[in-house]
Each structure stands twice: as C-alpha cells, then as structure tokens.
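Notes for the structure review
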Amino acid sequence: MGKLVTIEGGEGAGKTTLIENLKKYFVENNIDFVATREPGGSKVCENIRNILKYSDEKISERAEILLFSASRAQLVDEFIKPKLAEGKIVVCDRFFDSTRVYQGFAGNFDDKEIMDITNFATNGLLPDITFYLDIDPVVAFKRKGGQDKGDRIEERDMSYHQKVRQGFLELVKREDRIVKLDATLSEEELLCLVVSKLKQEKIIE
Ligand SMILES: Nc1ncnc2c1ncn2[C@@H]1O[C@H](COP(=O)(O)OP(=O)(O)O)[C@@H](O)[C@H]1O
Ligand SMILES: [Mg+2]
C-alpha cells in the first residue's frame, strides 16, 4: 500500500506552492508519487468544484457539505484508492479536514455530523499524515493579492476565515496525524521540514 499525504490550510497559506516544491523533490529523488487536489482532480470533481466555487444560486449549507463529500467520494474511488493500491505516495491539496473546519467549526455543524458523512464518502480512508500550514488569514490574503471576489467561499468575511484558522488549530490539538507548520517560513524551510517529517514517519526513505 502507498501512503496518503494531505496538505491543509486557509486560502493563500501556500498549499499549492509547497506541493509544487514537494513534486520537484520527489522527481529529483525518484520517488513514485501522484498529486491531486480537492475539490477536483477528475472531470466529475472539477464540475462539482465549479458549482461549489462559482454557483450564483444559493447553495444550502447541507448541500454544500454533500457536494464536497460527493467530490471526495469520486476522487477516493476513482483515483486515490487505485493509486495507493499501486504503492504510490498520493499528495492531496486539501481533504476532509477542510470540510470539518470550513463547514463544521466555522459553519453550523458538529464535527461528529461531518465525520459521519465523511466516513461514508471516503469509506473510512484516513490520511497517513497531514501537514497544516498555519497563517493569519489577513497575512495570507495580502500575500495572494486579496480575496478572490466571486469565489463563494473565499469571499466570506475575515471573521469566518479567522474561525477557519481556529478550527484547524483545534484539529491539530486533537489529531496526532496532523503536523502544524508555520506558513510564514520560507518555501525552502517548509520543504525541508516536510521532507524530514516524511522520512521520520518512514513514508519516504
Ligand atoms: N513560504 C512562502 N513564503 C512567502 N510567500 C509564499 C510562500 N508560499 C507561498 N507564497 C505565496 O503566497 C501566495 C499563495 O500561495 P499558494 O501556494 O497559491 O497558496 P494556497 O494554495 O494555499 O492558496 C502566492 O503568491 C505564493 O507565491
Ligand atoms: Mg492552492
């Protein structure tokens, strides 16, 4: 079996940048991996992503959770599980911890309710390790040049994004698999921390 590595954090935390650097490292070191993102990663999932990000019709809170979960179920069944079965390292830009935080802690749902739906969607699949990039959302949005207007989730107000951060920090306390990283470190420092943790956990050699 391969290993599932997930990268979490708010908008502009540096998830995509970290994954690009990790991909370069894996290529240079002949490590067999694939990278994907949530919601998305396949045609069905990208269609669901477009609804979630850009729908001009209101999406109910429960429908939003189910849409994220539907996308996740598709990605797990069609991509993540087969790649893990081939022995690959699968790196995923966001996974269910984002739903627990965005729709749970910062939304109106208990973690238990979200996890019940999540476990159905993933058939119980858990990441082997999760890196959470922690940063003040004010700093993160400054770094990425402002909030993306028209993105349903990104354009929510700053108090929502602060709750998202508090939610992630709460999950870090609860779950040993989640490793918190200071997202204000340099790209090189972050890559170095991730690689050494992956080695320590015997996910790579
Ligand atoms: N470690 C870092 N230090 C400074 N700026 C960074 C760092 N990582 C990413 N950035 C910058 O922050 C912005 C958002 O990064 P990105 O990787 O797209 O975040 P995310 O995928 O989490 O939304 C980009 O402009 C990127 O160049
Ligand atoms: Mg990104």
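Here is a short report on the structure shown in this document.

Some points on the environment of G107
With respect to the element layout, G107 can be found in helix α4 (residues 96-108). According to the relative accessible area criterion, G107 is partly exposed, its value standing at 25%. It is 8.4 Å that separates the C-alpha atoms of G107 and Y160, two residues lying 53 residues apart in sequence. The contact partners of G107, leaving out residues within four places of it in the chain, are V101 and Y102.

Examining helix α5 (residues 111-122)
Under the 1.5 Å per step criterion, the end-to-end length of α5 is 16 Å for 12 residues, consistent within 8% with the ideal 16 Å. Residues of α5 that are buried: D111, I114, M115, T118, A121 and T122. Take α5 and look down its axis: the buried residues cluster within an arc of 120 degrees, on one side only. Exposed and oriented more than 90 degrees from the buried face of α5 are K112 and F120. Positive phi shows up at N123, right after α5, with a value of about 55 degrees.

Some remarks on the site of ligand 1
Close to ligand 1 lie 14 residues; G12, K15, T16, T17 and L185 are nearest. In this structure, an oxygen atom belonging to ligand 1 sits 2.5 Å away from a side-chain N or O atom of T17. Within the backbone of E187, one N or O atom sits 3.5 Å away from a nitrogen atom of ligand 1. Considered on its own, ligand 1 offers 560 Å² of accessible surface; in the complex 70% of this is hidden by protein. For the shell around ligand 1, the secondary structure elements donating two or more residues are α1 (15-28) and α8 (187-200). A total of three residues in the shell around ligand 1 trace back to one element, the largest contributor, which is α1. Residue composition of the shell around ligand 1, by class: four nonpolar, six polar and four charged.

Points about the side chain of E38
Positionally, E38 belongs in the loop between β2 (33-37) and α2 (43-54). One polar contact links E38 to R72, side chain to side chain, over a distance of 2.8 Å. The residues contacting E38, other than those within four sequence positions of it, are R49, R72, L75, C92, D93, R94, F95 and F96.

Here we look at α2
Given a rise of 1.5 Å per residue, 12 residues ought to cover 16 Å, and the 16 Å separating the end C-alpha atoms of α2 matches this to within 8%. The set of residues buried in α2 consists of C45, I48, R49 and L52. Burial along α2 is one-sided: seen end-on, the buried residues are contained in an arc of 110 degrees. Residues of α2 that are buried sit in contact with β2 and α3 (61-85).

Structural notes on the nonpolar core
F26, I89, F131 and L198 are the most contacted members of the largest nonpolar core, which has 27 residues in total. Listed by contribution, the elements that provide at least two residues to this core are β1 (3-9), α1, β3 (89-93), β4 (129-134), β5 (178-182) and α8. Those residues in contact with F131 that lie beyond four places of it in its chain are V5, T6, I7, E8, V179, L181, V194, K197 and L198.

Some points on a negative patch on the surface
A cluster of acidic residues, D182, E187, E188 and E189, forms a negative patch on the protein surface. With three residues, α8 is the largest single contributor of residues to the negative patch. According to the relative accessible area criterion, E188 is exposed, its value standing at 59%.

Things to note about the sheet that holds β5
In space, the five strands of this open sheet follow the order β2-β3-β1-β4-β5, with parallel pairing throughout. Across the chains shown, the open sheet's two edge strands, defined by having one partner strand only, are β2 and β5. Each adjacent strand pair in this sheet contributes to an overall mean axis angle of 20 degrees, direction not counted. Packed onto the sheet, α1 meets β1, β2, β3 and β4 and runs at close to 160 degrees relative to β3. Along the sheet, α8 makes contact with β1, β4 and β5, crossing β4 at roughly 160 degrees.

Calculation rules
- Residues numbered from 1 in each chain as written.
- Chains lettered and ligands numbered in written order.
- Predicted model: local features only at pLDDT ≥ 70, side-chain atom pairs only at ≥ 80, totals over all residues.
- Heavy atoms only, no water.
- Helix = DSSP H or I, 4+ residues; strand = E, 2+ residues; numbered from the N terminus.
- Buried < 20%, exposed > 50% of the residue type's maximum accessible area, 1.4 Å probe, protein only.
- Contact = heavy atoms within 4.5 Å.
- Expected span 1.5 Å × (residues − 1).
- Arc of directions from axis to C-beta.
- Near = heavy atom within 4 Å.
- Polar contact = N/O pair within 3.5 Å; in protein donor to acceptor, adjacent residues only side chain to side chain.
- Areas by Shrake-Rupley, 256 points an atom, 1.4 Å probe, with all protein chains shown as cover.
- Nonpolar A, V, L, I, M, F, W, Y, C, P; charged D, E, K, R; others polar.
- Core = buried A, V, L, I, M, F, W, Y, C linked by side-chain atoms within 4.5 Å.
- Patch = residues over 30% accessible without salt bridge, like charges linked within 9 Å, V, L, I, M, F, W, Y side chains within 5 Å.
- Salt bridge = Lys/Arg side-chain N within 4 Å of Asp/Glu carboxyl O.
- Lys, Arg positive; Asp, Glu negative; His and termini not counted.
- Charge placed at Lys NZ, Arg CZ, Asp CG, Glu CD.
- Pairing = 2+ DSSP bridges.
- Axes fitted to C-alpha atoms, helices over the stretch in contact; angles between N-to-C directions.

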